Amino acid sequence: MRSSVEIHDIGSRLSRVVFQSDALIEAPNWAPDGSHLMVNSDGIMYRLPLAGPPALQRIDTGFAVQCNNDHGISPDGATIAISDKCAFGKSAIYTVAATGGTPRLVTENLPSYWHGWSPDGARFAYCGIRDDVFDIYTIAAGGGAELRLTHGEGRNDGPDYSFDGEWIYFNSSRTGLMQIWRIRPDGTALQQVTGDDYGNWFAHPCPTNDRVILISYDPDVFDHPRDSQVRVRMMDMDGGNLETLFELFGGQGTMNSPNWSPNGDAFAFVRYQPA
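On a predicted model such as this, the values are computed, not experimentally measured, just so you know.

Side note on the overall build of the chain
And step 1. When helices and strands are tallied, the chain shows zero helices and 23 strands.
And step 2. Compactness check: the chain gives a C-alpha radius of gyration of 17 Å against a globular reference of 19 Å for 275 residues, within 12% of the reference.
And step 3. Projected onto the principal axes, the alpha-carbon positions of the chain cover approximately 45 × 40 × 30 Å.
And step 4. A total of 275 residues make up the chain; the buried ones form 53% of that total.
And step 5. When contacts within the chain are restricted to residue pairs at least 6 apart in sequence, those whose partners lie at least 24 apart make up 40%.
And step 6. A total of about 10,800 Å² of accessible surface is found on the chain, and carbon and sulfur atoms cover 48% of it.

Here it is, written out as structure tokens:
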């Protein structure tokens, strides 16, 4: 499959291609200064500048060369969070200087998959698998004790903070099909946000704090596979006005991690096409 990294403009409802490759490119994050996207490919992290000729620039992540698509850039742009399995054979969360360097371990309990950075840069939200149970956790960006927010009510995955820091959005199968939920960062006030006939994954709140984008699979699709026909949808923060923006061939890798532009007028994603 051919990877097409694209940007969708909310105002015009049009998408434009910024980079294409025969390599598998996944999960674009948008740098806070708007200068580049960060993606992963074959275990390596790359910058993709948005000005000048499109080309991937490798980020030095030291020994961590089996990075998956759960990664992101800190609100100040100085640090990146990655999820890598080189050291332990299971995914662990690390921080690395955005300019590159030696990874610093954040999560001692494994496997852990990074998904969101709090707006103040102080904490991470992530999916942790403990005794085969998928739950939502947070932890200080510098490491320490993890705070468990869910407790085995179905599979819980894909957490991301709202930009006012008031909510953590995540997907959960606790009612059957995977749906979007939200919870306060202290683990209170759990609310179901979507409740339709699709499998809904990877909700990403907008920096303007008025909308959320997500990926939706057909109801007979299990988990969040790649190479699937999916819908990219948008809704209000409370789940209202849920609409399909477009359909594409993708799924896993399309937008697993935070992907909004800094001012919230566009988002990045990956489409997969026959080579």
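Having seen the structure, we can now continue with the description.
A word on the pattern of salt bridges
And step 1. Scanning the entire structure with this criterion turns up 14 salt bridges.
And step 2. With a shortest N-O distance of 3.2 Å, Glu 243 and Arg 13 are connected by a salt bridge. Taken together, the residues Glu 243 in strand E22 (residues 243-250) and Arg 13 in the loop between strand E1 (2-9) and strand E2 (14-21) connect sequence positions 230 residues apart.
And step 3. Residue classification places Glu 243 among the partly exposed positions, given a relative accessible area of 30%.
And step 4. Arg 13 sits in the partly exposed class, given a relative accessible area of 38%.
And step 5. Among the salt bridges present, the one from Arg 233 reaches Asp 196, with a minimum N-O distance of 2.5 Å. Note that Arg 233 is positioned in strand E21 (residues 228-235) and Asp 196 in the loop between strand E18 (191-192) and strand E19 (199-205), a separation of 37 residues in sequence.
And step 6. A residue is classified by how much of its surface remains accessible, and Asp 196, at 22% relative accessible area, is partly exposed.
And step 7. Among the charged side chains, a network of salt bridges with common partners joins Arg 155, Asp 157 and Asp 223.

Regarding the confidence of the model for the chain
And step 1. For the chain, per-residue confidence averages 98 on the pLDDT scale, and residues scoring 70 or more make up 100% of the total.
And step 2. The element-level mean pLDDT for the chain is lowest in strand E23 (residues 266-273), coming to 97, with strand E16 (residues 168-172) highest at 99.

Overview of the sheet that holds E21
And step 1. Overall, antiparallel pairing links the four strands, which are arranged E19-E20-E21-E22 in an open sheet. Strand pairing shows two members of the sheet lacking a second neighbour, E19 and E22, which therefore form its edges. Across the sheet, the mean angle from the axis of one strand to that of its neighbour is 25 degrees, orientation sign disregarded.
And step 2. Pairing of strand E20 (residues 212-217) with E21, which is carried by five bridges, proceeds in the antiparallel orientation.

A closer look at the layout of surface pockets
And step 1. Approximately 390 Å³ is the volume attributed to the largest pocket.
And step 2. Contributing elements (two or more residues each) for the lining of the largest pocket: strand E3 (26-30), strand E7 (72-73), strand E11 (112-117) and strand E15 (156-161).
And step 3. Considering only residue class, the lining of the largest pocket consists of 15 nonpolar, seven polar and one charged.
And step 4. The space that makes up the second largest pocket amounts to roughly 230 Å³.

Procedures and definitions
What you see as residue numbers is a count from 1 along each chain, following the sequence as written. Residue-level local features of this predicted model are given only where pLDDT is at least 70; pairs of side-chain atoms are given and counted only at 80 or more, and the full residue set underlies all totals for whole chains, interfaces and linings. Values reported for side chains reflect all heavy atoms of the structure, with hydrogen atoms and water molecules removed beforehand. Counting from the N terminus, the helices are DSSP H or I runs at least four residues long and the strands are E runs at least two residues long. Between the two quantities, the radius of gyration covers C-alpha atoms and the globule rule is 2.2 Å times the number of residues to the power 0.38. Between buried and exposed lies partly exposed: a residue is buried under 20% and exposed over 50% of the maximum accessible area for its type, with that area taken using a 1.4 Å probe on protein chains only. When checking whether two residues touch, look at their non-hydrogen atoms; a contact exists if any pair is within 4.5 Å. Note on areas: Shrake-Rupley with a 1.4 Å probe; residue coverage comes only from the protein chains shown. Basic side-chain nitrogens of Lys or Arg form a salt bridge, by our definition, when they fall within 4 Å of a carboxyl oxygen of Asp or Glu. As a per-residue quantity, pLDDT reports the predictor's confidence and falls between 0 and 100. Pairing between strands is defined by DSSP: at least two bridges between them are needed. Here the axes come from fitting lines to C-alpha atoms, over the contacting stretch only for helices, and the angles between their N-to-C directions go from 0 to 180 degrees. In this analysis the probe radius is 1.4 Å and the grid spacing 1 Å, with only protein atoms considered; a cavity is a set of points the probe fits into but cannot get out of, a pocket is an open set with protein on both sides within 12 Å along at least five of seven lines, and lining residues have an atom within 4 Å of a point. Grid points are joined across faces, edges and corners, and a volume is the space filled by probe spheres set on the points. Residue polarity is assigned by list, with Asp, Glu, Lys and Arg as charged and Ala, Val, Leu, Ile, Met, Phe, Trp, Tyr, Cys and Pro as nonpolar; anything else, Gly included, falls into the polar class.

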